Amino acid sequence: MVNDLSKNNISSGYAIFLPAISNFYVRKISQHYADKTDMFPPERIPKGFEHGLDGLNILDKDKGYVYYSHGLYSAGHANLDLEGSKIDDGMVVNRNRENTVLVGDSGGYQIGSGAWKLDWSNFETGADWQKTRCGIMTWLEEYCDYSMTLDIPMWGYLPQYRDRTGLKTPDECLEKTIFNHKFFIDNRIPGKTKFLNTLHGANWETSEKWYEAVKQFNDPKVYGNRAFEGYAMAGDHAGDAELLLRRLIRMRDDGLLAGDDVWIHVLGISVLPWGCYLTAIQRQLREHVNPNITISFDAASPYITASKGLAYDYPDLSANAWSYKTKKLNWRQDISNDNQPWMYEGAIGSRLNMRDINYMQPGMLNRNKKEAKSSWDSLSYILIQAHNTEYHIRGMQDALRRFDHEYEMLRDKIDIHNMSLGKTSVLSDVVPDTVLYFAKFVEELFVSDNPMDMLSDFKAFLRKCEGSRVQNISTTPDFMEFEEANVKTEEFVDAVKGKKKEYSTPDTVSDLFA
């Protein structure tokens, strides 16, 4: 029986968490079943996997040990050759589109950071740029339901990237983003995918400047059926509750949240309270603005933690501190009982034994034909990634269920004008006070005659709701090593794209557009 972890997203009106699926995870499993790699011989597949590695495809409703209907994947990691992508990225591009939704990232990080070697001196007409723009747009249209536009992130001019890109000011990032937007508008095939206009901003001033420059691209009165259909909230919109709410109020007042399917994606944040914040916002937008609005949010955390040798445990859902919990896993080659069950339950964990994780035994050679020093190989990491993804989704939905229950019981008792916020929650013994107060706050905000003033009045409270801004962190970071310490396999080198935390902004960020 398939464990469907997505069934409550629609029925309960939750904002939708999207696992930002690791390209290493996707590529190795996809290539295995296309017979393009001998990385996982039959004897390496866990005996408890009745569907083999096909069961690790979270988007496969028929064979997946865990099924989840929504995910995010980056064109920046994909094979942009459409036929080649069916092999290298088959897990996501060959999905059943009737029961899955894929949000595509455009690869703006790889471009903005200079990871892709492009001729920045010939941005508009250079052959490499033309090929890249067209390749990304075509891949997104072919394989994704919703797709982010090809932005040049606002931080692309910063010193750590400037030598690669030649960008000197944030205005140049905005100008080049507008050029890419016009290319997408002019060359897209309307209806193939729904494009999300990426909005940057580190504070209200910079957010306003970016928004005012690009909002026209979502206006059907200007671009007809070629107009973009939704939005991607980047920069400090992800994590700064006040900034996000101000932006949504402005978009509402500008009439840019109308339409029969408006998708708003919040980039790179998935801490447990924010799942509830975004759910509360979505519900108020649907009630008071447009019933056809969907909010999604993503994180690569399940994959990053596995790369560090960490496995998800049950989350801490006590009222005072909601958080995911992980455990550092030890490894051992000379396991005394190969059939000893792995330490975690779940759709993935219950199918594994200790030897499935600690596969490499004394004297075995790794893929570099050297004696393995670790008991873990590449599949060990993939199995832990699968487990972590399951636990991350379950943890988020457990938090959302608790939030719904407690808010229903306590709504009439919550007074945002007389808050008592301390280290110990007083409203509920299972949900943090900030979560319950925030839900009540947005209820009042979206019916307020003066919402911007209300946001200013509650600035101190909203700062307590700020979340970590984990933007576009690599799903295969440079410290992830396979099979042997200090040895990076060929597969690893191919997989790593060199992504880092995207929004490590300087103290002078408020003056970016001065």
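Our structure is the block above this text.
Anyway, here's the lowdown on the structure attached to this text.

Definitions and cut-offs
- Residues numbered from 1 in each chain as written.
- Predicted model: local features only at pLDDT ≥ 70, side-chain atom pairs only at ≥ 80, totals over all residues.
- Heavy atoms only, no water.
- Helix = DSSP H or I, 4+ residues; strand = E, 2+ residues; numbered from the N terminus.
- Rg over C-alpha atoms; globule rule 2.2 N^0.38 Å.
- Buried < 20%, exposed > 50% of the residue type's maximum accessible area, 1.4 Å probe, protein only.
- Contact = heavy atoms within 4.5 Å.
- Lys, Arg positive; Asp, Glu negative; His and termini not counted.
- Charge placed at Lys NZ, Arg CZ, Asp CG, Glu CD.
- Expected span 1.5 Å × (residues − 1).
- Pairing = 2+ DSSP bridges.
- Axes fitted to C-alpha atoms, helices over the stretch in contact; angles between N-to-C directions.
- Salt bridge = Lys/Arg side-chain N within 4 Å of Asp/Glu carboxyl O.
- Parallel < 35°, antiparallel > 145°, perpendicular 65-115°, else oblique.
- Left-handed = near helix turned anticlockwise from the far one by under 90°.
- Nonpolar A, V, L, I, M, F, W, Y, C, P; charged D, E, K, R; others polar.
- Right-handed = clockwise from strand over helix to strand, strands pointing away.

For the chain, the helix and strand inventory stands at 19 helices and twelve strands. For a compact globule of 514 residues, the expected C-alpha radius of gyration is about 24 Å, and the chain comes in at 23 Å, within 12% of that figure. Its C-alpha atoms put the chain at 70 × 60 × 45 Å along the principal axes. Going through the 514 residues of the chain one by one, you find that 60% of them count as buried. Looking at the chain alone, contacts between residues at least 24 apart form 74% of all its contacts between residues at least 6 apart. Counting 59 positive and 73 negative side-chain charges, the chain places the centres of these two groups 2 Å from one another.

In an α-helix, one turn spans 3.6 residues; hence positions three or four apart end up facing the same way. Helix length check: helix α8 (residues 170-187) (18 residues) gives 26 Å between terminal C-alpha atoms against 26 Å at 1.5 Å per residue, within 8%. Here α8 has its buried residues at Pro170, Cys173, Leu174, Lys176, Thr177, Ile178, Asn180, His181, Phe183, Phe184 and Ile185. Here the buried face of α8 lies against α6 (127-143), β7 (194-199), α9 (204-214) and α10 (220-223).

Once that is clear, we can look at the environment of Gly349. By the element assignment, Gly349 lies in the loop between β12 (321-328) and α14 (354-357). Exposure remark for Gly349: the relative accessible area of 1% places this residue in the buried category. C-alpha separation for the pair Gly349 and Ile384, spaced 35 residues apart in sequence, amounts to 8.7 Å. Apart from the residues within four sequence positions on either side, Gly349 is in contact with Trp342 and Tyr344.

Before going further, it helps to examine the sheet that holds strand β9 (residues 262-266). Hydrogen bonding along the main chain pairs the strands of a sheet, whether they run parallel or antiparallel. Taking strand neighbours across the sheet as the criterion, the eight strands line up as β2-β10-β9-β8-β7-β6-β5-β4 in an open arrangement whose pairing is parallel. This sheet does not close on itself; its edge strands, each paired only once, are β2 (16-19) and β4 (70-74). Geometrically, the sheet is characterised by an average inter-axis angle of 25° between neighbouring strands, direction not taken into account. Packed onto the sheet, helix α11 (residues 241-253) meets β7, β8 (230-233) and β9 and runs at close to 160° relative to β8.

Once that is clear, we can look at the pairing of β4. The element β4 is largely enclosed, with a buried count of five among its five residues. Looking at chain direction, β4 and strand β5 (residues 101-105) are connected through five bridges and run parallel. Paired with Leu72 across the two strands is Val103, which belongs to β5.

Inspection of the entire model under this criterion finds 28 salt bridges. Taking the shortest distance from any N to any O, the salt bridge between Glu142 and Lys192 comes out at 3.0 Å. Placement of the pair is Glu142 in helix α6 and Lys192 in the loop between α8 and β7, with a sequence separation of 50 residues. By relative accessible area, which is 34% here, Lys192 ends up partly exposed. Note that Asp253 and Arg252 form a salt bridge whose closest N and O atoms lie 2.9 Å from each other. Accessibility expressed as a relative area gives 22% for Arg252, which makes it partly exposed. A single salt-bridge network, built from bridges that share partners, covers Glu208, Glu212, Lys215, Arg247, Arg250 and Asp254.

This part is about the packing of helix α12 (residues 272-288) against helix α15 (residues 378-410). Axis separation between α12 and α15 bottoms out at 9 Å; the angle between their running directions is 55°. Our classification of the angle between α12 and α15 gives oblique. The two elements α12 and α15 cross, and the hand of that crossing is right-handed. Contacts from Leu272, Gly275, Cys276, Thr279, Ala280 and Arg283 in α12 reach Gly395, Met396, Ala399, Leu400, Phe403 and Asp404 in α15. A class-by-class count of the residues in the contact of α12 with α15 yields seven nonpolar, three polar and two charged.

The phi dihedral of Asp35 is positive, around 60°, even though this residue is not glycine. With respect to the secondary-structure elements, Asp35 resides in the loop between α2 (23-33) and β3 (66-67). Asp35 gets classed as exposed once you look at its relative accessible area, which sits at 69%. Phi is positive for Lys369, which is not a glycine, with a value near 60°. Structurally, the position occupied by Lys369 is in the loop between α14 and α15.

Another aspect to go through is the pairing of strand β10 (residues 293-299). Among the seven residues in β10, seven count as buried, and that is most of the element. Where β9 lies against β10, five bridges are found, and the strand directions are parallel. Bridge pairing links His265 to Ser296 in β10. Once the chain exits β9 it traverses α12 before rejoining the sheet at β10, and the crossover so formed is right-handed.

It is worth stressing that arrangement in space is one thing and function is another; only the former is reported here.
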